[in-house]
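If you want the building blocks of each chain, they are given just below.
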Amino acid sequence: MRFLDSYNGFRSELFLKEESERKNIKTVGLTAGICIIAYVVLNNIVSVPFMFEPLNSIYRESSTMQLVVSIVFSIICMLIPFAIGAKVIKRKTKLVPADFSPPVSVPLMLSATAFGMFICLAGNYLSGIFIEYTQKIGFELTAPEFPIPSDFLGRLVYFVSIAIAPPLIEEFAVRGVVMQPLRRYGDRFAIVVSALVFAILHGNLIQSPFAFIAGLGIGYAVCITNSLWTGILIHFCNNLYSVATALMIEDIADENLLNAVFMIVLIALYAVSILGSAIFMLLKEKRRLTPSFTVSTPMQKGFSFFINVPMVIAILMMLKITRDFVTFTGIK
């Protein structure tokens, strides 16, 4: 009888622990879903004034204005909802979202940045294959684009809108508010879930596959260095590369010269990222991802995060947005 009482007590304790885990994970998923819904709804609300004159003309005629508006939209529509979400998660679950504390080691962070860039380069390559395949089966994929200003101030705003604002805001939202609280239930689980959320948030099939692959690398680097700044730095470097590529295409008229410059930059990036990745593997020798000490299975945890009303609505909303960037042109 004493053995049965102990066994039943152990089972009851496991049941309570599993319920607590699922409840906390569901709270993070539900909050993330509400934040994504808020992101979409606020984008539509804040866009309304720009449908009327004189703002409509000013917006359409000024590329710099479009970029400034995109920064403001990011702050209002993404940063604010996820900042509120972070407070909700902390209050309801006692799980602490990531702050902007320094990394355990600056050399480790710098080498982790090179590792993250290598993953981003690989993600770009794999995404290119995916886009090429979709074209062959008759689908044309597009993504939101902003014109590149020709003046210095406009290009400075372009740089901020691409290389500064998204790394700070998106890394706080995805790796800080979503991934960090989930790390209690295993780093691998937290990395994969946050990468999926990162992909969902991009809302088009050109950026989303890349965002998922890059998100895995960024999440891993953030967990190893234990700092959100690592993710921000990787994200910044990747977006800086995008800015540099766009400016090269805009400013270099000679196609042969453009191809040569692009190839030199790409080779240099691969060389630095591969060397840095090797250094990262040496420096992180004793640092490992936190294993999962949960009683719930990965599938149970995944269901708890994604299968709730706000998250399902958020995914459906983002799928609708994604559909708007896909056109069937016929099999080639």
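Please read all numbers here as calculations on a predicted model, not as lab measurements.

S.K.: Please clarify how the packing of aromatic side chains should be interpreted in this entry.
M.R.: Geometry of an aromatic ring pair is reported as the spacing of the ring centres plus the angle between the planes. Scanning the model with the defined rule gives ten aromatic pairs in all. When the centroid spacing of 6.3 Å and the interplanar angle of 90° are considered together, the rings of Phe159 and Phe236 count as edge-to-face. With a gap of 77 residues between them, Phe159 in helix α5 (residues 152-182) and Phe236 in helix α8 (residues 228-251) connect regions that are remote in the sequence. Pairwise contacts between aromatic rings join Phe50, Tyr59 and Phe73 into one cluster. Sitting above the plane of the Phe198 ring, Arg175 keeps its charged end 4.4 Å from the centroid. One residue, Lys301, lies across the ring of Phe189, its end atom 5.0 Å from the ring centre.

S.K.: Would you mind going over the pattern of salt bridges with me for this structure?
M.R.: Pairing between side chains of opposite charge can happen when the charged atoms of each approach one another. Counted by the stated rule, this structure contains five salt bridges. Here Glu132 makes a salt bridge to Lys136, at a shortest N to O gap of 3.8 Å. Separated by four residues within a single helix, Glu132 and Lys136 lie in helix α4 (residues 106-136), roughly one turn from each other. Classification of Glu132 by relative accessible area gives partly exposed; the value is 44%. One salt bridge connects Glu171 with Arg175, and the closest N-O pair in it is separated by 2.7 Å.

S.K.: I tried to follow the packing of α5 against α8 on my own but got confused; where do I start?
M.R.: Two quantities define a packed helix pair, namely the angle between the helix axes and the distance between the axes. Relative orientation of the contacting elements α5 and α8 amounts to 150°, with a least axis distance of 9 Å. By the angle class used here, α5 and α8 are roughly antiparallel. For the pair α5 and α8, the crossing hand works out as right-handed. Among the residues making up the contact of α5 with α8, the classes are represented as 17 nonpolar, four polar and six charged.

S.K.: Got a minute to help me understand the side chain of Lys301 in this structure?
M.R.: Examined against the element boundaries, Lys301 turns out to sit in helix α10 (residues 298-306). Buried charge without a salt bridge: Lys301, with Glu21 as the nearest opposite-charge side chain at an N-O distance of 6.8 Å. Sequence-distant contacts of Lys301, that is, excluding residues within four places in its chain, are made with Ile25, Tyr185, Phe189, Ser292, Thr294 and Ser296.

S.K.: Is there a simple way to think about a nonpolar patch on the surface in this case?
M.R.: A cluster of nonpolar side chains, contributed by Val68, Val72, Ile75, Ile76, Ile80 and Ile84, occupies part of the molecular surface with about 440 Å² of accessible area. Its place among the elements puts Val72 in helix α3 (residues 63-93).

S.K.: Quick question: what am I supposed to make of the nonpolar core here?
M.R.: One recurring pattern in soluble globular proteins is that nonpolar side chains are buried together. Ranked by size, the top nonpolar core spans 60 residues in total, and within it Ile36, Phe82, Val178, Leu182 and Phe305 carry the most contacts. Ignoring sequence-local partners within four residues, the contact set of Ile36 consists of Phe82, Val197, Leu201, Met311, Ala314 and Met318. In terms of nonpolar packing, the next biggest core, distinct from the first, is built from five residues, Phe50, Val69, Phe73 and Cys77 among them.

S.K.: Looking at this structure, how should I read the environment of Val104?
M.R.: Checked against the element boundaries, Val104 lands in the loop between α3 and α4. What makes Val104 partly exposed here is its relative accessible area of 47%. Non-local contacts of Val104, meaning those with residues more than four positions away in its chain, are made with Ile224, Thr225, Asn226 and Arg287.

S.K.: Before we go on, may I ask you to explain α3 in this structure?
M.R.: Along an α-helix, residues three or four positions apart point the same way, because every turn accommodates 3.6 residues. The end-to-end C-alpha distance of α3 is 43 Å, a good match for the 45 Å that 31 residues give at a rise of 1.5 Å each. Its maximal kink placed at Leu79, α3 deviates by approximately 30°, while the proline Pro81 follows within four residues. Looking one or two residues past α3, Lys94 carries a phi angle of roughly 65°, positive in sign.

S.K.: Before we go on, may I ask you to explain helix α9 (residues 255-283) in this structure?
M.R.: Across its 29 residues, α9 extends 41 Å between first and last C-alpha, which sits within 8% of the 42 Å expected from 1.5 Å per residue. Buried-residue contacts for α9 involve α4, α7 (208-225) and α8. For α9, the side-chain oxygen to backbone nitrogen distance between the N-cap and Asn256 is 2.9 Å, and the N-cap itself is Asp254.

S.K.: Just checking my understanding: could you explain the environment of Arg188 for this structure?
M.R.: Checked against the element boundaries, Arg188 lands in helix α6 (residues 187-202). It is 9.6 Å that separates the C-alpha atoms of Arg188 and Pro298, two residues lying 110 residues apart in sequence.

Calculation rules
Residues numbered from 1 in each chain as written. Predicted model: local features only at pLDDT ≥ 70, side-chain atom pairs only at ≥ 80, totals over all residues. Heavy atoms only, no water. Phe/Tyr/Trp six-rings, centres within 6.5 Å; stacked < 30°, edge-to-face > 60°. Helix = DSSP H or I, 4+ residues; strand = E, 2+ residues; numbered from the N terminus. Lys NZ or Arg CZ within 6 Å of the ring centre and 35° of its normal. Salt bridge = Lys/Arg side-chain N within 4 Å of Asp/Glu carboxyl O. Buried < 20%, exposed > 50% of the residue type's maximum accessible area, 1.4 Å probe, protein only. Axes fitted to C-alpha atoms, helices over the stretch in contact; angles between N-to-C directions. Parallel < 35°, antiparallel > 145°, perpendicular 65-115°, else oblique. Left-handed = near helix turned anticlockwise from the far one by under 90°. Nonpolar A, V, L, I, M, F, W, Y, C, P; charged D, E, K, R; others polar. Lys, Arg positive; Asp, Glu negative; His and termini not counted. Contact = heavy atoms within 4.5 Å. Patch = residues over 30% accessible without salt bridge, like charges linked within 9 Å, V, L, I, M, F, W, Y side chains within 5 Å. Areas by Shrake-Rupley, 256 points an atom, 1.4 Å probe, with all protein chains shown as cover. Core = buried A, V, L, I, M, F, W, Y, C linked by side-chain atoms within 4.5 Å. Expected span 1.5 Å × (residues − 1). Bend = angle between axes of the 7 residues up to and from the residue. Polar contact = N/O pair within 3.5 Å; in protein donor to acceptor, adjacent residues only side chain to side chain.

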